[in-house]
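# Observations on chain architecture
Chain residues, written in single-letter form:
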Amino acid sequence: MGNVPSAVKHCLSYQQLLREHLWIGDSVAGALDPAQESSQLSGLPEYVKVVEVGPRDGLQNEKVIVPTDIKIEFINQLSQTGLSVIEVTSFVSSRWVPQMADHTEVMKGIHQYPGIRYPVLTPNLQGFHRAVAAGATEVSVFGAASESFSKKNINCSIEESMGKFEEVVKSARHMNIPARGYVSCVLGCPYEGSIPPQKVTEVSKRLYSMGCYEISLGDTIGVGTPGSMKRMLESVMKEIPPGALAVHCHDTYGQALANILTALQGVNLYKVMEAGDFICKAVNKTTNSKVAQASFNV
Ligand SMILES: CC(C)(COP(=O)([O-])OP(=O)([O-])OC[C@H]1O[C@@H](n2cnc3c(N)ncnc32)[C@H](O)[C@@H]1OP(=O)([O-])[O-])[C@@H](O)C(=O)NCCC(=O)NCCSC(=O)C[C@@](C)(O)CC(=O)[O-]
């Protein structure tokens, strides 16, 4: 599985991934004939939406701040790859995340192609209003299933964050702006360790109930396994329809693809997967900056 990340660069089609990496299916050798292929694919969704998060989640972690014009060119090039959703930037505090300080310039500078959505992160009303003023037409709030992570990431408790998100989602609804909800640490937290699936379900349900059309479940530090992904999804799917769920898997320990496969098989209807850092690496080459991240989001 060691070369999977580079393989993924060329494989945004799940069928192609299965053909080229037989270990994903049951076969261990030889090409798949059509009958075998159809049985390999049974139980998997026919359609997978990729939410590209490289310009935001990838670049927010870069030690060297990528120049605004390169970000804009990166996003414009991503727009020509067939992606339908590209997360562009975050309207957060530049003191907390200096890499996203040029959010307004990036949002205003990109070419918004018809048929492609360009969501941005908005943690509170201040971020939301700035995002809308810059031309954003879709936003995401981002909470956590871990109390400690919530405090470290957005400087408030889970309960306090829900109040801020309610305000954002309510304002978004009045303006016909779709809002998406992230939940971080669904398979583990850097401060608290394991997180009970019930807590993930509780936070996800609150975001869904307040009007987020889709809940993205984030394995923020990549500690998930197919087993923990399955347990967590079983719990969340009792409260939220599978079609409203996404997974966001960091590949810190090489488990992202296996975890995504588990999610795809478990949901077996309609899934979303998120892609990021492997495309972000293409930008690093153009700026000659060092690739600092060991993980990537698929
Ligand atoms: C959430 C805040 C803003 C709260 O920040 P705070 O300091 O608690 O905010 P505050 O309300 O106390 O205000 C303090 C100052 O911040 C300003 N402020 C207040 N709000 C904003 C705003 N929206 N944009 C710009 N400035 C803002 C505000 O105007 C004020 O400025 P001052 O008067 O001192 O000059 C801060 O904690 C923050 O920016 N955190 C960064 C969070 C972040 O971007 N994290 C990374 C993304 S999450 C993620 O990566 C996980 C995900 C989504 O990928 C999924 C996964 O992998 O799990």
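Let me begin by describing the structure that accompanies this report. (Residues numbered from 1 in each chain as written. Predicted model: local features only at pLDDT ≥ 70, side-chain atom pairs only at ≥ 80, totals over all residues. Heavy atoms only, no water.)

### Here we look at the site of the ligand
Our working rule: Here a residue is considered near a molecule or strand provided that any single heavy atom belonging to it is located within 4 Å of it. Any N or O atom pair separated by 3.5 Å or less is treated as a polar contact, with the protein-specific requirement of one donor-capable and one acceptor-capable atom, and with residues adjacent in sequence counted only for side-chain atom pairs. Exposure was quantified through the Shrake-Rupley algorithm and a 1.4 Å probe, taking into account, for residues, occlusion by the shown protein chains and nothing else. The way it works is a 1 Å grid over only the protein atoms, where trapped points that fit a 1.4 Å probe form a cavity and open points with protein on both sides within 12 Å along at least five of seven lines form a pocket, and then any residue with an atom within 4 Å of a point lines it. Pocket occupancy is defined atom-wise: a molecule lies in a cavity or pocket when more than half of its atoms are within 2 Å of its grid points. Numbering of helices and strands runs from the N terminus; a helix is a DSSP stretch of H or I covering at least four residues, while a strand is a stretch of E covering at least two. Each residue is assigned to one class: nonpolar for Ala, Val, Leu, Ile, Met, Phe, Trp, Tyr, Cys and Pro, charged for Asp, Glu, Lys and Arg, and polar for all the others, Gly among them.
Close to the ligand lie 25 residues; Q60, N124, N155, S184 and T220 are nearest. Within the contact set of the ligand, a nitrogen atom lies 3.4 Å away from a backbone nitrogen or oxygen of V92. One of the side-chain N or O atoms of S184 is found 2.6 Å from an oxygen atom in the ligand. Contact with the protein chains removes 74% of the 1,100 Å² of surface that the ligand exposes when unbound. In this structure the site holding the ligand corresponds to the largest pocket. Considering each element in turn, the shell around the ligand owes the most residues, three residues, to helix 7 (residues 125–133). For the shell around the ligand, the per-class residue count stands at nine nonpolar, 12 polar and four charged.

### Overview of the environment of Y191
Applied cut-off: It only takes one pair of heavy atoms within 4.5 Å for two residues to be counted as in contact.
Relative to the elements of secondary structure, Y191 occurs in the loop between strand 5 (179–184) and helix 10 (197–210). With 43 residues separating them in the primary sequence, Y191 and S148 have C-alpha atoms 6.4 Å apart. Leaving out residues up to four positions away in the same chain, Y191 has contacts with S148, F149 and K152.

### Here's the deal with the pairing of strand 5
Put simply, the test is: Exposure categories follow from relative accessible area, calculated using a 1.4 Å probe and restricted to protein chains: below 20% of the type maximum is buried, above 50% is exposed, and the middle band is partly exposed. DSSP calls a pair of strands paired once it identifies at least 2 bridges connecting them. Looking down the strands as they point away from the viewer, one classifies a crossover as right-handed if the path from the first strand across the helix to the second runs clockwise.
Along strand 5, six of the six residues are buried, which leaves the element largely enclosed by surrounding structure. Both faces of strand 5 are covered, namely the face carrying A179, G181 and V183 and the face carrying R180, Y182 and S184. As judged from the six bridges shared by strand 4 (residues 139–144) and strand 5, these two strands associate in the parallel manner. By the bridge assignment, A144 is partnered in strand 5 with S184. As judged from the four bridges shared by strand 5 and strand 6 (residues 214–219), these two strands associate in the parallel manner. Within strand 6, the position partnered with R180 by the bridge is E214. What joins strand 5 to strand 6 is helix 10, and the crossover it makes is right-handed.

### Things to note about the packing of aromatic side chains
Given two aromatic rings, their pairing is described by the distance between the two centres and the angle made by the two planes. We apply this condition: Pairing of aromatic side chains here covers Phe, Tyr and the six-membered ring of Trp, requires ring centres within 6.5 Å, and sorts the geometry by plane angle: under 30 degrees stacked, over 60 edge-to-face, intermediate tilted. Think of it as a cone above the ring: NZ of Lys or CZ of Arg counts as a charge over the ring if it is within 6 Å of the ring centre and within 35 degrees of the ring normal.
Counted under the stated rule, the structure contains one aromatic pair. Taking the centre distance of 6.4 Å and the plane angle of 35 degrees together, the rings of F149 and Y191 count as tilted. Residue F149 is found in helix 8 (residues 147–154), and its partner Y191 is found in the loop between strand 5 and helix 10; the two are separated by 42 residues along the sequence. A residue is classified by how much of its surface remains accessible, and F149, at 12% relative accessible area, is buried. Taking the relative accessible area as the measure of exposure, Y191 reaches 44% and is therefore partly exposed. Directly above the aromatic system of Y191 lies the positively charged group of K152, at a separation of 5.1 Å from the ring centroid. One residue, R180, lies across the ring of Y182, its end atom 5.3 Å from the ring centre.

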